[in-house]
Amino acid sequence: MAQVSLRRLVKEYEGGVQAVKGIDLEIADHEFVVLVGPSGCGKSTTLRMIAGLEDITGGEISIGGTVVNDIPPRDRDIAMVFQNYALYPHMTVFDNMAFGLVLRKFRKEEIQRRVMEAARILDITQLLDRKPRALSGGQRQRVAMGRAIVRDPKVFLFDEPLSNLDAKLRVQMRTEIKKVVQTVRTTTVYVTHDQVEAMTLADRVVVMNGGIIEQVGPPQELYHRPATRFVAGFIGSPAMNFIPARVEPASGALNLRLPGDILLPIPPERSDRYRSQGGREVLLGIRPEHLTETRQGRATYADLEVVPEVIEPMGMETLVHFHMEGTRDLCARLDPTIPAAPGQPLRLTADLANMHLVDPQSGKVL
Amino acid sequence: MASDATIARNAPTVAPRAAPPTTLQKMARRRSTVAFLLTLPLLGVIGGLVAWPAAYAIYLSTLNRRMTAFIGLENYAILLDNDTFRMVIWQSCFFAITAVILKALIGFWLAHMLHHIPTKGQRIWRGMLLVPWVIPPALSTLGWWWMFEPSYSSINWLLSVFSVPPVPWLGEKWWARISVIIVNVWYGAPFFMIMYLAALKSVPDQLYEAADIDGATGWQRLRYVTLPMMRNIISITVLFSLIVTFANYDIVRVLTNGGPRDLTHVFASYAFQVGVLSGNIPRGAAVSLFMFPLLAVIAYFVLRGINQRTKEIGA
């Protein structure tokens, strides 16, 4: 059993700067958890505290039920894959992978068996005699993973392991990592700033911002039911659109008044939820895929006219960028067959069944 | 005239054909020629200050005392037969090897200590520890001579405070040898320190973190990460220092002048004594050239090792 628990975890640097502000997180045995957030949100610091590479200012970390606050990294039974792989350049691939086992005084045959097995899983058997310098980025990444696998640790820690790879290789290695972790079934904590990586890899995603956890949940939950404006805006690509609006009661129903006097009816099934917001200024959050070419057939559809500024044909879809009064760049996702041109008025349909209303003051999704 | 002009107007336009470049022009256009010309000043300096004196010294060492006849390797044969010279070989090797080992160890220790103190304080310590290296050695050795001098020795005075009897620093064979080594180490260790400090700073922190997670203790980190990562710097520093220490002259000359009874002479000081003071320049040249083949072979293997490692690990 290797569950990881973080309780009221705090990291404060000299000068009183708090990188992590008392977070709580329970990671179950065999779970793949991804910590995601922008630079400086405290995700890497949290991972390094779990690894024992950073001292803890306050709180408690336990691995497999044992509090490890004062236990050095070598005794925590963890393995870590670093952003720049941290392979020992003077050792061969085999020696790099075997190093942890040699230090732990494993028998030679056992070391040989484990390294060969990991090399087979990662398809690097033919590279075992090479030095890291003679490997490509992707191969180095595999070796770094191999070094972690051979140890058969309680917890795998990944610190932005794909950041140094080009876009194509990153997608390929993402799949490889998922495959490997599914094979070895070890509790994994993975840090990234890339929300696509987080969504595709995680059993649960932990969204961090400014040293706190904004929301924890399975990828789909975070996508469809974000708790805060930050999560709503961070998860999803292109990002969710936010449009200032006012909730206006109108003879038993509710409308949203957008800039430019556009009036959108709030679907009846969501009216009860927002009734108390009548007369208040809110932010309408709607994803680009719910802002599409004109459609009909659902009560939740509402039309609006916009003037496109930039058209981005992506092949399977076309992204239309426009703006409304008081907003920055807004984006709609259109079928590629729909003709759209910059400066030519275009009618769009907003599917309000998938809208979110955000309290502009607290940033909470209402 | 008019018909000439008409002919010229009607004639088809032909571009004037350029004359084929001469061999000299071709050479001047070649990148290798330009590169050679640009490096010529440096080649001139090396030729004038290194190659020519070295070749001339080799030539001198094959002449008789009056420099009138070629005697081949006889100077070397005579030297090898000479007890004092055999002692000089032994003393030079003992001096150079002991001093370089001590300088390397102390330099590494100092570098390690400096590396682990905060940057702010590090600058002051680094500056202070470099002082011995920036003082001209002839001057600093004079200071040491005063400290070792039997009548006014401050070191002996310090020892007497702890009831230790006075030590004949420069008067007794082994103490004199140790004194020469102490001064050389004092002067040379800061060079090792600064080189090793730079090397330590270039070892990525993540390698240590990876080693920590792999289960390495402090000693294992040093053995499996720090030392292999510093191997090239260690090799080049030791080689450089070995050559310079073998050629050391000023410390021995100022501190002991080769005494007592020629027992602290090294190649350079003995070469000066034989060649300049005793007026046998060819034999003096033979003394100073004696270690050249051995050091050249050592240098070749060390530099080959460094090249190989650089190719393999890119460090």
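Cut-off values and rules
- Residues numbered from 1 in each chain as written.
- Chains lettered and ligands numbered in written order.
- Predicted model: local features only at pLDDT ≥ 70, side-chain atom pairs only at ≥ 80, totals over all residues.
- Heavy atoms only, no water.
- UniProt positions renumbered as here; feature names shortened; annotations may be inferred.
- Helix = DSSP H or I, 4+ residues; strand = E, 2+ residues; numbered from the N terminus.
- Pairing = 2+ DSSP bridges.
- Axes fitted to C-alpha atoms, helices over the stretch in contact; angles between N-to-C directions.
- Contact = heavy atoms within 4.5 Å.
- Buried < 20%, exposed > 50% of the residue type's maximum accessible area, 1.4 Å probe, protein only.
- Buried area = accessible area lost by both parts, 1.4 Å probe.
- Salt bridge = Lys/Arg side-chain N within 4 Å of Asp/Glu carboxyl O.
- Nonpolar A, V, L, I, M, F, W, Y, C, P; charged D, E, K, R; others polar.
- Patch = residues over 30% accessible without salt bridge, like charges linked within 9 Å, V, L, I, M, F, W, Y side chains within 5 Å.
- Areas by Shrake-Rupley, 256 points an atom, 1.4 Å probe, with all protein chains shown as cover.
- Domains from an automatic or database assignment.
- Polar contact = N/O pair within 3.5 Å; in protein donor to acceptor, adjacent residues only side chain to side chain.
- 1 Å grid on protein atoms, 1.4 Å probe; cavity = no way out; pocket = protein on both sides within 12 Å on 5 of 7 lines; lining within 4 Å.
- Points joined across faces, edges and corners; volume = space filled by probe spheres on them.

**Some words on the UniProt feature "transmembrane region" (unreviewed entry) in chain B**
Residue and element names in this part refer to chain B. In the numbering used here, UniProt assigns the feature "transmembrane region" (unreviewed entry) to residues 34-59, 88-112, 124-147, 174-198, 229-249 and 285-303. The span residues 124-147 carries 92% helix and 0% strand; its end-to-end C-alpha distance comes to 26 Å. Helix makes up 89% of residues 285-303 and strand 0%. Its end C-alpha atoms lie 27 Å apart.

**Describing the sheet that holds strand 3 (residues 32-36) of chain A**
Residue and element names in this part refer to chain A. Read from one edge to the other, the open sheet built from six strands follows the order 6-7-8-3-9-10, with strand pairing classed as mixed. On the outer flanks of this sheet lie strand 6 (78-81) and strand 10 (212-217), each paired with one strand and no other. If you compare each strand with its neighbour and ignore which way they point, the axes differ by 20° on average. As paired strands, strand 6 and strand 7 (residues 155-159) are joined by four bridges and run parallel to one another. Residue pairing across strands places Val81 opposite Phe158, the latter belonging to strand 7. The strands touched by helix 4 (residues 137-151) within the sheet are strand 6 and strand 7, with strand 6 carrying the most contacts at an inclination of about 180°.

**Thoughts on the sheet that holds strand 16 (residues 301-306) of chain A**
All names here are of chain A. With antiparallel pairing, the three strands of this open sheet are ordered in space as 15-20-16. Each end of this open sheet is capped by a strand with a single partner; those strands are strand 15 (291-293) and strand 16. Across this sheet, the average inter-strand angle for adjacent strands is 40°, counted without regard to direction. Both strand 15 and strand 20 (residues 346-351) contribute to a ladder of three bridges, which runs antiparallel. Across the sheet, residue Leu291 finds its bridge partner in strand 20, namely Ala350.

**Thoughts on the pairing of strand 13 (residues 262-265) of chain A**
All names here are of chain A. Going residue by residue along strand 13, you find Ile262 and Leu264 tucked away on one face and Leu263 and Pro265 left uncovered on the opposite face. Taken together, the four bridges between strand 12 (residues 253-258) and strand 13 define a ladder with antiparallel strand orientation. Bridged to Leu256 within strand 13 is Leu264.

**What to know about the interface of chain B and chain A**
Listed by partner, the interface residues are 21 residues for chain B and 24 residues for chain A. Both sides of the chain B and chain A interface together cover about 2000 Å² of buried area, and 61% of this is carbon and sulfur. The largest contributions to the chain B side of the interface with chain A come from B:Gln206, B:Ile213 and B:Asp214, which together make up 35% of the buried area. On inspection of chain B and its partner chain A, the count reaches two salt bridges. Among the ionic pairs, A:Arg48 bridges to B:Glu209, the shortest N-O distance being 2.5 Å. At the level of secondary structure, the elements contributing two or more residues to the side of chain B that touches chain A comprise helix 10 (205-214), helix 11 (218-246) and helix 15 (292-313) of chain B. Considered class by class, the residues forming the side of chain B that touches chain A number ten nonpolar, six polar and five charged.

**Concerning a nonpolar patch on the surface**
On the surface, B:Leu42, B:Val45, B:Ile46, B:Leu49 and B:Val50 cluster together into a nonpolar patch covering about 480 Å² of accessible area. Structurally, B:Leu42 is set in helix 3 (residues 31-60).

**Quick word on the domain arrangement of chain A**
Residues and elements named next belong to chain A. Domains assigned within chain A are domain 1 (4-234) and domain 2 (241-358). Each of domain 1 and domain 2 has a C-alpha centre, and these two points are 39 Å apart. With seven residues of domain 1 at the interface, the matching set in domain 2 holds six residues. Carbon and sulfur atoms make up 55% of the surface buried where domain 1 meets domain 2, a total of about 630 Å² over both sides. Considering only the surface of domain 1 that becomes buried against domain 2, Tyr223, Arg229 and Ala232 emerge as the three largest contributors, covering 77% of it. The tally of links from domain 1 across to domain 2 stands at zero salt bridges. The interface formed by domain 1 and domain 2 holds two residue pairs in polar contact (both at pLDDT 80 or more) in total. Elements with a contribution of two residues or more to the side of domain 1 that touches domain 2: helix 7 (219-224) and helix 8 (229-234). Looking at the side of domain 1 that touches domain 2 residue by residue, the classes come out as four nonpolar, two polar and one charged.

**Focus on the domain arrangement of chain B**
The domain architecture assigned to chain B consists of domain 1 (23-59) and domain 2 (77-140 + 188-313). For domain 1 of chain B versus domain 2 of chain B, the distance between C-alpha centres works out to 31 Å.

**As for the UniProt feature "domain: ABC transmembrane type-1" (unreviewed entry) in chain B**
Those places that UniProt annotates as "domain: ABC transmembrane type-1" (unreviewed entry) correspond, in this numbering, to residues 89-302 of chain B. Each end of residues 89-302 of chain B is marked by a C-alpha atom, and these two atoms are 22 Å apart; helix forms 79% of the span and strand 0%.

**A look at empty space enclosed by the protein**
Unoccupied space between atoms shows up once a probe the size of one water molecule is rolled over them. According to the stated counting rule, one finds three cavities of 30 Å³ or more in the structure shown. Counted as a void, the largest cavity has a volume near 50 Å³. Taken together, A:Ala79, A:Met80, A:Phe82, A:Arg147, A:Ala148, A:Arg151, B:Ala210, B:Ile213 and B:Asp214 make up the lining of the largest cavity. Counting only elements with at least two residues in the lining of the largest cavity, the list comes to strand 6 and helix 4 of chain A together with helix 10 of chain B. A class-by-class count of the residues in the lining of the largest cavity yields six nonpolar, no polar and three charged.

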